[in-house]
Amino acid sequence: QVQLVESGGGLVQAGGSLRLSCAASGRTFSNYLMGWFRQAPGKEREFVAAISWSGGRTYYADSVKGRFTISRDNAKITVYLQMNSLKPEDTAVYYCAAGGAWYGGSLYYRENKYDYWGQGTQVTVSS
């Protein structure tokens, strides 16, 4: 049974930093695409960043490019999202997701590319 457990959320002032973690278990993720999505109050869930587990290729939403960095630790089977220069508009519940059989392409932002989802962790950025 695949499990994705997020941690690291919290309250931070604008301009601050947080690092989210997503601990994965339950299968081998070697060909998987690991992603972060977020959902702000009253808005639809949106893509934030993704990384291919095998090659380490990264993808980012335009709104977070240059501020957020996604990475993975193969030994710990954990994906990280380092968030710097946080803004109030980054306030949301952040979800980790895993999608199987990823061999590249342009559809990394689509929710239907992901098979498994975590429970989410709240990030609140105060102004």
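Placed above this text is the structure.
Residues numbered from 1 in each chain as written. Predicted model: local features only at pLDDT ≥ 70, side-chain atom pairs only at ≥ 80, totals over all residues. Heavy atoms only, no water.

1. Some words on the side chain of Thr-121
Then comes step 1: Mapped onto the elements of the fold, Thr-121 is located in strand β11 (residues 121-126).
Then comes step 2: Given a relative accessible area of 12%, Thr-121 falls into the buried group.
Then comes step 3: The residues touching Thr-121, leaving out its near neighbours within four places in the chain, are Glu-6, Ser-7, Gly-8, Gly-9, Leu-20, Ala-92, Val-93 and Tyr-94. (Helix = DSSP H or I, 4+ residues; strand = E, 2+ residues; numbered from the N terminus. Buried < 20%, exposed > 50% of the residue type's maximum accessible area, 1.4 Å probe, protein only. Contact = heavy atoms within 4.5 Å.)

2. Thoughts on the sheet that holds strand β8 (residues 78-83)
Then comes step 1: Reading across from one edge, β1-β3-β8-β7 is the order of the 4 strands in this open sheet, with antiparallel pairing throughout. One side of each edge strand has no neighbouring strand; the edge strands of this open sheet are β1 (3-7) and β7 (68-73). Strand-to-strand twist of the sheet, defined as the mean angle between neighbouring strand axes without regard to direction, takes the value 15 degrees. (Pairing = 2+ DSSP bridges. Axes fitted to C-alpha atoms, helices over the stretch in contact; angles between N-to-C directions.)

3. Overview of the pairing of strand β9 (residues 92-99)
Every other side chain in a regular strand lies on the same face of the sheet, so the side chains alternate between the two faces.
Then comes step 1: A large share of β9 lies buried, amounting to 7 of its 8 residues.
Then comes step 2: When strand β4 (residues 33-39) meets β9, the two strands line up antiparallel, connected through 7 bridges. Looking at the pairing, Phe-37 lines up with Tyr-95 of β9.
Then comes step 3: Note: β9 against β11, 3 bridges, orientation antiparallel. Looking across to β11, one finds that Tyr-94 is bridged to Thr-121.
Then comes step 4: Here 2 bridges tie β9 to strand β10 (residues 116-117), and the two strands are oriented antiparallel to one another. Residue pairing in the sheet places Ala-97 in a bridge with Trp-117 of β10.

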